[in-house]
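Observations on the model geometry
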Amino acid sequence: MTKNTSLYFRIVEGRNLPAKDVTGASDPYCIVKVDNEVVARTATVWKNLNPFWGEEYTLHLPMGFHSLSFHVMDEDTIGHDDVIGKITLAKDAIGSQAKGLDSWVNLTRVDPDEEVQGEIHLCLELLKDAEKASVRCKVIEARDLAPRDISGTSDPFARFIFNNHSAETSIIKKTRFPHWDETLELDLDPEELHEDGTITVEVWDWDMVGKNDFLGKVEIPFDCLHKTPHLESCFRLQPLRNKEADASGKLGALRLKVRLIEDHILPSVYYQPLIHLLVESVQPFPQAENSSALTLLEEVTTVESRQDVAMTLVKIYLGQGLVVPFLDYLNTREVQHTTDPNTLFRSNSLASKAMEQFMKAVGMPYLHEVLKPIINRIFDEKKYIELDPCKINLNRRRISFKGAMSEEEVRDSSVEMLQDYLSSITESITGSVAQCPPVMRVTFKQLHKRVEEQFTEPENEDVKYLAISGFFFLRFFAPAILTPKLFQLREQHADTRTSRTLLLLAKALQSVGNLGLQLGQGKEQWMEPLHPIIRLSVAKVKDFLDKLIDIDHDIAGYPGQAVFTSSVTVKEGYLHKFKTEGPQLLSRFAFKKRYFWLTSETLTYAKTPDWQVRSSIPIQCVCAVERVDENAFQQQNVMQLITQNNDRQLHIIYIQCKNVNELNQWMSAIRKVSIYNECMLPSFHPGTHRSGKWTCCLQADRTVTGCSRTHSVTLGDWSDPLDPDVETQTIFKQLIQGRDKLRSVDKTFLEVVLVPGMSAAARLLAVIEDLERAHATFQRRENENDASVITN
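Residues numbered from 1 in each chain as written. Predicted model: local features only at pLDDT ≥ 70, side-chain atom pairs only at ≥ 80, totals over all residues. Heavy atoms only, no water.

With respect to the environment of P229
Following the sequence through the fold, P229 ends up in the loop between α2 (223-227) and β15 (230-236). Assessed through its relative accessible area of 42%, P229 is described here as partly exposed. The sequence separation of P229 and E125 amounts to 104 residues, and the corresponding C-alpha distance is 5.4 Å. Those residues within four positions of P229 in sequence are excluded, and the remaining contacts are L124, E125 and L126. (Helix = DSSP H or I, 4+ residues; strand = E, 2+ residues; numbered from the N terminus. Buried < 20%, exposed > 50% of the residue type's maximum accessible area, 1.4 Å probe, protein only. Contact = heavy atoms within 4.5 Å.)

Okay, here's the thing in structure tokens:
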């Protein structure tokens, strides 16, 4: 049994942030840290004290974590960015809320004494004989201390304290990974042996001018040494003091959604009965109404968990190669239970949510191919476009020396540009039949068939088109146009002007997706100048949808994605590789631009995507992928890829990314494809070996063991490989929560044909009980093993 820890968080928006710029505004962004590792950076929202981000992330944390923190910063084009405030959430506080956190949280001040990180390796020993007593502390080393100097390092020393006694180690200059290996000893009076005191080890950054900076402390009750006279461990450094939260809200607040999921995953064989019931639900044989496991799961799913359940089911059925019959099953039920075609798929049903998640899982590369060129053009041109007469600002739109434009001229210009953009979007979409993934096309073909069978009346002729376009345009393409950053179409949020253009285009595309049936019925009559081009687009859309579903069912086999396949490029793009050969005057000039491709088998790079000469690194040789300290090259966002050759010699490749998000995405992708490598390292050097020593820990031996633990944090996204066991465990937990309802409906559901005398609810309950027993058995074995280790 393995432990799986996933952390989901969404940074929704901020409010009442303080102004940091002379203009009376701020340019806020958020840095997110898990413990002391930066895992994400939101886009900057320019000139806004009430920013909206809407950015969400899922982290997989095999080694667990202690705290999650959000630092709100004000971006400055000159000088250092200003700190606005922070929010720190302890793991226990997040885990204590079963449904997760969803609220506004006030920002608190950032106090350097509270911003500690890292750990210290200590060996404590209580010495007693007839003549004297003493406590001895061997300060071995510290890892990943906070940088307190402008160089990005510190000058750390440790202070050992008990009662009124203290001793200090030597100062080690310019390192965040000091290696002392010094023994400090404090003599004790006989009466002090019986006091309930605390042994404290503090770490400080020495400064030649001014006071020393605090780096963290460890407190150990003296009683522990009576019970265990020889105590050795790595201790996490703690802040100097715990301050009360700033409840006044003077620094503003963030609206956050945070959820922690910790599961123990059983071996695959234990989940097979539940998988079998789910697969059986979509098999093509006659079933009594409301008799399948999938139907029951929909019944016990709460509104709050419906999206998560839908996403999990899509992954499970993708892995089984049955996503088309799965969606057809849900859509058929949805269509058959809908009497008014105007309400079809309008609710947040499991069918609607499953279709949305399915399109994201299989259609994101397609969406990027279709929309990215036009989205980039809109961002680059930054046209002032407005149709609403209440919002037209005549001072915002000028043409050279001709002066300000009239309201009519602004509207005419806006209509012309919107028509141009909308035409480009609709032409790109309606001309993309060949690029659309076959599995999406077959799914829409099945949906078209079910709707056509249900609504046969002549007045419902368009319903079969609206069912498809509702998902395709309204729930896929239109949201991507509205917020390109959330669909990875852009790295930054749109500015105010571009955002307004995107909103108008999204509204227009929604009207196209509705086949123009609601034109003129809304309150926004100022959109009327776009109605002619919208009506002209309807015929093209219908023709496109007819071609989209003109496909053989048999060619839509979608392979299970339990692992990456070698033929698939997981990630690609331009990065900067450190040139190790030849003389280098300045390290920043030694990073050369190269194009990289990552598959499950190799990391390949060349001068350009079309360059014939390429170099490859086998993934099986990867031992670690980690970030590099900024002071190593005086450069940000550098990662190192540590590989091992056939002679077990380590080789390091340094690669620079353009921002922290790209850095985290590449590290995450490489960690995912190398997760099962046998040669993975437990530690690494975050610095470089230069001038005969490591810049991080200052040790001379190039082959010495790394001074910092390796990391295993990965980012979840739509391109992740599927993990059937984790997904099935999620469904099991959902069924546990709905067990009482399953018991109550067990008496009313019809019996399953294949198992006479036993309802689907009863079969599900039996599977749940078996899984509970398996979890209890494995947990008991783990507890017994832990007890055995402690005893030994």
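That covers the picture; the talk isn't over yet.
What to know about the packing of helix α5 (residues 306-320) against helix α15 (residues 724-737)
Between α5 and α15, the least distance of the axes is 9 Å, while the angle of their chain directions is 140°. In terms of their interaxial angle, α5 and α15 are classed as oblique. Crossing handedness for the pair α5 and α15: left-handed. Here α5 contributes V309, T312, L313, K315 and I316 to the contact with α15, which in turn contributes E727, T728, T730, I731 and Q734. Its residues assigned to classes, the contact of α5 with α15 comprises 4 nonpolar, 4 polar and 2 charged. (Axes fitted to C-alpha atoms, helices over the stretch in contact; angles between N-to-C directions. Parallel < 35°, antiparallel > 145°, perpendicular 65-115°, else oblique. Left-handed = near helix turned anticlockwise from the far one by under 90°. Nonpolar A, V, L, I, M, F, W, Y, C, P; charged D, E, K, R; others polar.)

Remarks on the confidence of the model for the chain
When pLDDT is averaged across the chain, the result is 87; 91% of the residues are at 70 or more. Ranking the elements of the chain by mean pLDDT puts helix α17 (residues 760-791) last with 81 and strand β21 (residues 622-627) first with 96. (pLDDT = per-residue confidence, 0-100.)

Focus: unusual backbone geometry
Positive phi values are uncommon outside glycine, yet N16 reaches one of about 55°. Within the secondary structure, N16 is located in the loop between β1 (2-15) and β2 (28-34). Classification of N16 by relative accessible area gives exposed; the value is 53%. A positive phi angle, near 55°, is found at D181, a position not held by glycine. Of note, D181 is situated in strand β12 (residues 179-188).

Concerning the UniProt feature "domain: C2" (unreviewed entry) in the chain
Following the UniProt record, one finds the feature "domain: C2" (unreviewed entry) at residues 1-105 and 116-235. Across residues 1-105 one finds 5% helix and 54% strand; the C-alpha atoms that close the span lie 36 Å apart. Between the first and last C-alpha atoms of residues 116-235 the distance is 13 Å; the span itself is 4% helix and 54% strand. (UniProt positions renumbered as here; feature names shortened; annotations may be inferred.)

Here we look at a negative patch on the surface
The grouping of D187, D189, E191, E195, D196 and D223 at the surface amounts to a negative patch. Following the sequence through the fold, D187 ends up in strand β12. (Patch = residues over 30% accessible without salt bridge, like charges linked within 9 Å, V, L, I, M, F, W, Y side chains within 5 Å. Areas by Shrake-Rupley, 256 points an atom, 1.4 Å probe, with all protein chains shown as cover. Salt bridge = Lys/Arg side-chain N within 4 Å of Asp/Glu carboxyl O. Lys, Arg positive; Asp, Glu negative; His and termini not counted. Charge placed at Lys NZ, Arg CZ, Asp CG, Glu CD.)

Notes on the pairing of strand β5 (residues 67-74)
Summarising burial for β5: 8 of the 8 residues are buried, a large majority. Burial along β5 is two-sided: S67, S69, H71 and M73 and L68, F70, V72 and D74, pointing in opposite directions, are all buried. One ladder, built from 7 bridges, connects β2 with β5; its direction is antiparallel. Its bridge partner lying in β5, I31 is registered against H71. Here 8 bridges tie β5 to strand β6 (residues 82-90), and the two strands are oriented antiparallel to one another. Each bridged residue has a counterpart across the sheet, and for S67 the counterpart in β6 is A90. (Pairing = 2+ DSSP bridges.)

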